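# A look at the structure
The chain contents come next:
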Amino acid sequence: MSLTHQILSRKTGRNVEPGEIVECNVDFLMMHDGSAFIALKNFGKIGKKVFDRNKIMIVFDHYCPSNSIENSNIHNQIRKFVKNQGIKYFFDCGSGICHQVFAETKPVKPYSVIVGGDSHTTTYGALGVFAVGMGATDITVTLATGKTWFMVPEAYRIVINGRMRKGVYAKDIILDIIKNLGVAGANNSAVEFEGSAVKKLSMDSRLTLCNMVTEAGAMNSIIGVDEKTEKHFGMKIKKIGSNHYGKVFEYESPDEPLVACPHSVGNVKPVREVEAEIDQVFIGSCTNGRYEDMRVAANILRNRKVRVRTIISPASRNIYLRCLKDGFIKIFMQSGAIVLPPSCGPCIGVHNGVLGKDEVCLSTGNRNFKGRMGSGKIYLCSPATAASSAVNGEITDPRRYL
Amino acid sequence: MKGSAIVLGDNISTDEIIPGRFCRSPNLGEHCLEGLNISIKKYMFIVAGENFGCGSSREQAVLALKNAGIKCIISKSFARIFYRNAVNNALLLLKCENINVKNNDVLDVTIRTAKIKNLSTGVCFQAEEIPNFAMKIIRSGGIIKYYKELGVL
């Protein structure tokens, strides 16, 4: 069985088959201030205790620091809920983006079942867990019962081989996969990443890879436990094999850096073929705001000036502190960039970088749908391409600066 | 149910249905599909292509559509999270492969049989029937009400 099917079978006590609907106990629940808003409104109507206060994480990241009186009031309602229910894992504004905070906090071990009130919950697959994104009402049900239902996905094995070429990063790999599969090509599937290129990816890069698999419609993604997973958790973990997939796809790591053009994540082209002037560059988000991403950006921005408005936001306080210690924040500031505390703000077009009419943004985020970041157009790329383009004032192949 | 339909394309995302900056608005319907600069106020049905509701898990997408007066969405396929959110909030979704409708055509939709008649052209279409477990939730008015009726919540 595939890794996902083994996890679901163990959890439900029987061998699950793709397409069947199973009810399942959940090991952990994650939500942020965006999804908690509706979930807690619903939960108030039920008037119960949460299923297990030690298995819930709430992170403030969508409206941080608050951009309106209304959102401040909602934050206060959620803080009250956290206190009344004794929620163990609560992270207030400035702690980080929920998915990065989860990866750093490690509240569960590999092979666990997690539901998250956010579509990018697939990120945790890099940690060897089964993690599924859901809407706020589904989250409400789990909050009260500790259970949810799944339609058992079909397993897709995606093998990525080959060496990582100059200027190519995990972001380029996942953009290439979405281009090949299509934006609905993995709909309702459980993607299992394998292959020599995946083996070599750092945990930061694996989180990027698993984060964006939702943009091909996948229900979850997973990477089998290896020495990098063990290093992340700081312990020995039993490795389990896997087989029997509905579909197998084999790809080579892309030859060159890529960019997703407006207004679809599947509209992917080599950077060298895209000519576009830009008004704003954004480096951050749950996709590419990790330490490794900041280091790549800093290495390009060192002793250079940005020619367009450039917003950089490390994805967690922990990453921000490491960037400070290693001098990256100074490099960013000296380059002329704006450094923000961790938040989802720019990527979801809520605040701190909302685009005006006809403005063009090159972003390391995960979505370029019309209206996502405000008005205008969004191109998606790796932090290296973003930093290089910031220096050059137009979309630029990062190999020029590497 | 009889009413007029607006036709949209493939991969309509939740960012387009309700942009993030309006997710806290008390009048979600006012901003529904503002990302595409479309007003859907006078329509009862949306007819769309593949992968309707892709992207963010924001439940406000379903709430905005309902608030704007949409009663049923007919699409070739739906994104996974959007589908669950719609069922959980009792918004009707019909999967229909070969539907042929133009903007402002008037449809007569029978949910029980999943039959769609385009009253403007006289042509009928057969959609997939809504699965039983989803229909039970929708009939109760959403999953919270359904689970309350069952005594689960």
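The structure this text deals with has already been given above.
The notes below deal with the structure included here. (Residues numbered from 1 in each chain as written. Chains lettered and ligands numbered in written order. Predicted model: local features only at pLDDT ≥ 70, side-chain atom pairs only at ≥ 80, totals over all residues. Heavy atoms only, no water.)

## Some details on the overall build of chain A
Test applied: Under the scheme used here, helices are H or I runs from DSSP no shorter than 4 residues and strands are E runs no shorter than 2 residues, and both carry numbers assigned from the N terminus. Within these notes, the globule rule equals 2.2 Å times the number of residues to the 0.38 power, and the radius of gyration is based on C-alpha atoms. Remark: exposure states derive from per-residue accessible area (1.4 Å probe, protein chains only) relative to the maximum for the residue type, with buried under 20%, exposed over 50%, and partly exposed in between. Every residue pair with non-hydrogen atoms within 4.5 Å of one another is taken to be in contact. Values of accessible area rely on a 1.4 Å probe in the Shrake-Rupley scheme; residue burial ignores everything except the protein chains shown. The positive count covers Lys and Arg only, the negative count covers Asp and Glu only, and His and the chain ends enter neither. A charged residue contributes its charge at one atom only: NZ of Lys, CZ of Arg, CG of Asp or CD of Glu.
If you tally the helices and strands in chain A, you get 14 helices and 18 strands. Relative to the globule expectation of 21 Å for 402 residues, the C-alpha radius of gyration of chain A, 20 Å, shows essentially globular dimensions. Its C-alpha atoms give chain A principal-axis dimensions of about 55 × 50 × 40 Å. Here chain A holds 402 residues, and 65% of them are scored as buried. In chain A, once contacts between residues fewer than 6 apart in sequence are set aside, the share between residues at least 24 apart is 75%. Of the roughly 14100 Å² of accessible surface on chain A, a fraction of 47% belongs to carbon and sulfur atoms. One way to put it: in chain A the 51 positive side-chain charges average out to a point 6 Å from where the 37 negative ones average out.

## Observations regarding the packing of helix α2 (residues 33-46) of chain A against helix α5 (residues 136-145) of chain A
Residues and elements named next belong to chain A. For the record, the criterion: Axis angles are defined between N-to-C directions and span 0 to 180 degrees, where every axis is a line fitted to C-alpha atoms and, for a helix, only to the segment in contact. Note that the term roughly parallel is reserved for angles under 35 degrees, roughly antiparallel for angles over 145, roughly perpendicular for angles of 65 to 115, and oblique for everything else. It is the rotation of the near helix from the far one that decides the hand of a crossing: anticlockwise by less than a right angle makes it left-handed, clockwise makes it right-handed. Asp, Glu, Lys and Arg are counted as charged, while Ala, Val, Leu, Ile, Met, Phe, Trp, Tyr, Cys and Pro are counted as nonpolar; the rest, among them Gly, fall into the polar class.
Direction vectors running N to C along α2 and α5 enclose 50°, while the axes themselves pass 8 Å from each other. Comparing the axis directions of α2 and α5 gives the class oblique. For the element pair α2 and α5, the recorded crossing hand is right-handed. In this structure, α2 contributes S35, I38, A39, L40, N42, F43 and I46 to the contact, and α5 contributes A136, T137, I139, T140, L143 and A144. Split by residue class, the contact of α2 with α5 holds 9 nonpolar, 4 polar and no charged.

## Quick notes on the nonpolar core
As a reminder of what qualifies: Among the buried residues, those of types Ala, Val, Leu, Ile, Met, Phe, Trp, Tyr and Cys that are joined through side-chain atoms within 4.5 Å form a nonpolar core. Marked domain ranges trace back to an automatic or database domain assignment.
In this structure, F193 of chain A together with F82 of chain B are the most contacted members of the largest nonpolar core, which totals 205 residues. Here this core gathers at least three residues from each of two domains, domain 1 (3-252) and domain 2 (259-400) of chain A.

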